[in-house]
Amino acid sequence: MSHTLLTRREGDVLVLSNNNVAARNALSFEFYIAVTDALRDAASDPSVGAIVLTGEGGHFCSGGDLRQLAKRRELSVQERRVRLEGLHDLIRAVRDCPKPVIAAVEGAAAGAGLSLAMACDMLVAAKDAKFTVAYVKVGLTPDGGATAFLAEFVSRQVLTELCLTGAPLSGERMHDLGAVNRLVESGSALPTAMALAVDIAKGPQKAMSHIKNLCRHAMRNSLKDQLELEAQSMVEAMGSDESLEGIHAFLNKRQPNFSQLRQVSE
Amino acid sequence: MSHTLLTRREGDVLVLSNNNVAARNALSFEFYIAVTDALRDAASDPSVGAIVLTGEGGHFCSGGDLRQLAKRRELSVQERRVRLEGLHDLIRAVRDCPKPVIAAVEGAAAGAGLSLAMACDMLVAAKDAKFTVAYVKVGLTPDGGATAFLAEFVSRQVLTELCLTGAPLSGERMHDLGAVNRLVESGSALPTAMALAVDIAKGPQKAMSHIKNLCRHAMRNSLKDQLELEAQSMVEAMGSDESLEGIHAFLNKRQPNFSQLRQVSE
Amino acid sequence: MSHTLLTRREGDVLVLSNNNVAARNALSFEFYIAVTDALRDAASDPSVGAIVLTGEGGHFCSGGDLRQLAKRRELSVQERRVRLEGLHDLIRAVRDCPKPVIAAVEGAAAGAGLSLAMACDMLVAAKDAKFTVAYVKVGLTPDGGATAFLAEFVSRQVLTELCLTGAPLSGERMHDLGAVNRLVESGSALPTAMALAVDIAKGPQKAMSHIKNLCRHAMRNSLKDQLELEAQSMVEAMGSDESLEGIHAFLNKRQPNFSQLRQVSE
């Protein structure tokens, strides 16, 4: 654990909270490493059913620290790239993690903070949360997958405007655009994300990791490739102890108990 | 023809209706074969202008038969794959068929039933129709292209929630999400789909088969590849008897008569 | 400059206006060449900050000239392809131009006119503008990227209906579908597009050209490829004079002055 990241467990849910309150939870290399490590540990821990990513003190994350970014110009292009890959490794860790990751967003999600929120599998946002592709305002360009993730639900025309102007989107507008799973009043993002995470954590863990993998490839894979991925997952799932329990429960009109199937070491 | 599939002709329109009412039109290997064969026959029959796919008894299709699926665990992975390819061959047959296929959905479109409805070129749905990515509830994972087709109009965040929770979508919600061509009152899906099919069947058959092909690749092709596909279709269409009739009719301010150009054997 | 294209400068903004009013701004090979040349010149002119593409006399563009298209059947397939590539070169020129191109649409944007409007980076449309994938009505198939551009914001089901029926979309409906940056009353498209262009032209020119490039690949690139593209742009931007000015201005709580950084020869 690191000072910049608070981690705690609530039942099957792991909560990761950005804790750089004085700088509205600006990012740092230390934070990248801490979250990436926490996600890697959670991936191999069967007692973790779902993960919530949030921020302390009313902001999700204000993005890169401009004082640090200003110094990058003194570095070689290769050295800059190494620093940037810290962020991109984090983004890849969120996408590759076999457990569902839910972002709980209050306040600012700006620059790479927006990228991090949108990399998550699901999004709970306060109505007045403020998502901003801020880069252009300081002469920079988007990173962290911001353009990839926004393009999944806005038109190219709107994406271009957002990136060329840095105009903010409220949580409410993000919901209208289709990217928000639960839109809540200010202050309720974390408890709502926790309730969603608790519910999802009851599901079949192996099947859910395959489902996350299917969902992250679904938009850009060719139909041929996606059918192949679906087929591979399904023939495996047909032989799993999870589908044994699930189908048996359904045919006997009872609720399935998937939690018992986890090899929890505790 | 098979007991599980009713087929009939109404003018230029071929109607294929799922007929396994006792099991809310659950799928079977027999059904896959029957629909795939019917689509293949229609592809080479110039008298068929459009196809409507629907279900008897108030449900489109409740998906896989869980009693049958439960037995798949006794099969080898390879044998399971063979059964699954029956479904995927059907999905490919819908996509590859040169004629427009319109789904008319009442009641349940669950699991692979949802996949089949969304594989069609157009969708007519009753407001209270119920679309469900049901798999996770029984410990399984989506197949039939469900994740590919849903990703064409919902965000990754919403796709993930639908697939991880199995929460249903009403016809009305599917319409709000942009996937429904005609939203109708309960009981009106088939007549509305028929009217749409009759209208479309009057169009230029060769051009329409190229248009269907363009539309199914449009979202995932690179711009370069899609421009190439458009160019190939267009230079062919510029020499067709259909564009001869169409342009001539337009310049003479009359309705084109494309139907006369079909080599109907009847 | 050509009779079919009016060009003028207003400050940092280049205005290109389709001027074939007698034929509702139908397209011609001469027009393709004129716009492609104008975009190429603007690309290397640092005094051009943004481009507005519009049409004279109340229509954006009614598409191909049917009397000319009717004669194409007398050409070989290869000769037809050469003519078509004139249009596709224009579309590629809009996409490849490093400056933001804003379409200002009143009245008809039909056939390849729709393609041209949708190829632009941003779209300002009058509520009663009329976008039509008209091809099917005369037995032809879409070109100019129409299917690629529409698929960026409508479902495959709606795309197929639009292309199979040629049904028009109002500016208002295009806005509901998410493709319109500014929806305006009839007659206000050009002044609104100009105001947007003037505002955008104040931005950091190098960063904006990278942003346009990111936005046009964002939807179809894999996440891996898009992260790579973002990283390449960002490490370059971190060393630019634009980010030096932008970050310095931000830290000193003043507005950045990016315009001074352009090497304007005038």
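Residues numbered from 1 in each chain as written. Chains lettered and ligands numbered in written order. Predicted model: local features only at pLDDT ≥ 70, side-chain atom pairs only at ≥ 80, totals over all residues.

**Thoughts on the overall build of chain A**
A count of helices and strands for chain A gives 11 helices and nine strands. Against the 2.2 N^0.38 benchmark of 18 Å for 266 residues, chain A shows a C-alpha radius of gyration of 19 Å, consistent with a compact globule. For the C-alpha atoms alone, the extent of chain A along its principal axes is close to 65 × 40 × 40 Å. Put simply, chain A has 266 residues, and 59% of those count as buried. Residue pairs at least 24 apart in sequence account for 73% of intrachain contacts in chain A once pairs closer than 6 positions are excluded. (Helix = DSSP H or I, 4+ residues; strand = E, 2+ residues; numbered from the N terminus. Rg over C-alpha atoms; globule rule 2.2 N^0.38 Å. Buried ≥ 20, exposed ≤ 12 C-beta atoms within 10 Å, placed from the backbone. Contact = placed C-beta atoms within 7 Å.)

**Concerning the interface of chain C and chain B**
Of the residues lining the interface, 36 residues belong to chain C; the matching set on chain B comes to 47 residues. Among the elements of the structure, α2 (66-71), α3 (77-96), α5 (146-150) and α6 (156-165) of chain C are those that each provide at least two residues to the side of chain C that touches chain B. It is α6 of chain C that provides the largest number of residues to the side of chain C that touches chain B, a total of nine residues. The residue inventory of the side of chain C that touches chain B, partitioned by class, reads 17 nonpolar, nine polar and 10 charged. (Nonpolar A, V, L, I, M, F, W, Y, C, P; charged D, E, K, R; others polar.)

**Regarding the interface of chain A and chain C**
In this assembly, 36 residues from chain A lie in contact with 47 residues from chain C. If you tally residues by element for the side of chain A that touches chain C, the top one is helix α6 (residues 156-165) of chain A, at nine residues. When the residues that make up the side of chain A that touches chain C are grouped by side-chain class, the tally is 17 nonpolar, nine polar and 10 charged.

**Topic: the relation of the copies chain C and chain B**
With an axial shift of 0.0 Å and an RMSD of 0.0 Å, the rotation relating chain C to chain B amounts to 120°. Taken together, the rotation angle and the small translation identify this as a three-fold axis. Scanning chain C for the C-alpha nearest the rotation axis identifies Arg220 of chain C, at a separation of 3.5 Å. (Least-squares fit on C-alpha atoms with pLDDT ≥ 70 in both.)

**Brief notes about the nonpolar core**
Of all hydrophobic cores here, the largest spans 291 residues; its most connected members are Ile102 and Val105 of chain A, Ile102 and Val105 of chain B together with Ile102 and Val105 of chain C. In this view, Ile102 of chain A contacts Ala50, Ile51, Val52, Cys120, Asp121, Met122, Val124, Ala193, Leu196 and Ala197 of chain A; residues no more than four positions away in its chain are not counted. (Core = buried A, V, L, I, M, F, W, Y, C linked by C-beta atoms within 7 Å.)

**Digging into the sheet that holds strand β8 (residues 169-170) of chain B**
Residues and elements named next belong to chain B. Across the sheet, three strands lie side by side as β5-β7-β8; this open sheet has mixed pairing. Unpaired on one side and paired on the other, β5 (108-110) and β8 mark the two borders of the sheet. Here strand β7 (residues 130-132) pairs with β8 via two bridges, running antiparallel. The residue bridging Phe131 from the neighbouring strand is Leu169, located in β8. The strands that helix α4 (residues 112-119) touches are β5 and β7; relative to β5, the one it contacts most, it runs at about 100°. (Pairing = 2+ DSSP bridges. Axes fitted to C-alpha atoms, helices over the stretch in contact; angles between N-to-C directions.)

**Structural notes on the domain arrangement of chain A**
Domain annotation of chain A identifies domain 1 (5-201) and domain 2 (205-261). Of note, the centres of domain 1 of chain A and domain 2 of chain A, computed from C-alpha atoms alone, are 27 Å apart. (Domains from an automatic or database assignment.)

**Details of the relation of the copies chain A and chain C**
Aligned on chain C, chain A shows an RMSD of 0.0 Å; the corresponding rotation is 120° and the shift along the axis is 0.0 Å. Taken together, the interface assignments show that only 3% of the residues at the interface of chain A recur at the interface of chain C, consistent with different surfaces on the two copies.

**Concerning the packing of helix α9 (residues 205-217) of chain B against helix α10 (residues 223-237) of chain B**
Packed helix pairs are specified by the crossing angle of their axes together with the interaxial distance, meaning the distance between the axes. All names here are of chain B. As a packed pair, α9 and α10 sit with axes 10 Å apart at the nearest point and diverge in direction by 175°. Here α9 is positioned roughly antiparallel relative to α10, judged by the angle of their axes. Facing α9, whose interface residues are Ala207, His210, Leu214 and His217, α10 presents Gln226, Leu229, Glu230, Ser233 and Ala237. A class-by-class count of the residues in the contact of α9 with α10 yields four nonpolar, four polar and one charged. (Parallel < 35°, antiparallel > 145°, perpendicular 65-115°, else oblique.)

**As for the pairing of strand β6 (residues 122-126) of chain A**
Residue and element names in this part refer to chain A. Burial of β6 is extensive: five of the five residues sit out of reach of the surface. Side chains Met122, Val124 and Ala126 of β6 all project onto a buried face; the interleaved residues Leu123 and Ala125 project onto the opposite face, where all are buried too. Judged from the four bridges that link them, strand β4 (residues 101-105) and β6 form a sheet pairing that is parallel. When the bridges of β6 are listed, Ala104 appears paired with Val124. One ladder, built from three bridges, connects β6 with strand β9 (residues 182-184); its direction is parallel. For Val124, the partnering residue across the bridge sits in β9 and is Arg182.

**Quick look at the sheet that holds strand β8 (residues 169-170) of chain A**
In a beta sheet, neighbouring strands are held together by backbone hydrogen bonds and run either parallel or antiparallel to one another. Residue and element names in this part refer to chain A. Spatially, the three strands line up as an open sheet ordered β5-β7-β8, and their pairing is mixed. Each having just a single partner strand, β5 (108-110) and β8 make up the two edges of the open sheet. Where helix α4 (residues 112-119) meets the sheet, it contacts β5 and β7 (130-132), and its direction lies at approximately 100° from that of β5.

**Digging into the environment of Val124 of chain A**
When you line up the elements, Val124 of chain A lands in strand β6. Not counting the four nearest positions on each side in its chain, Val124 of chain A is found in contact with Ile102, Ala103, Ala104, Val105, Asn181, Arg182, Val184, Ala189, Thr192, Ala193 and Leu196 of chain A.

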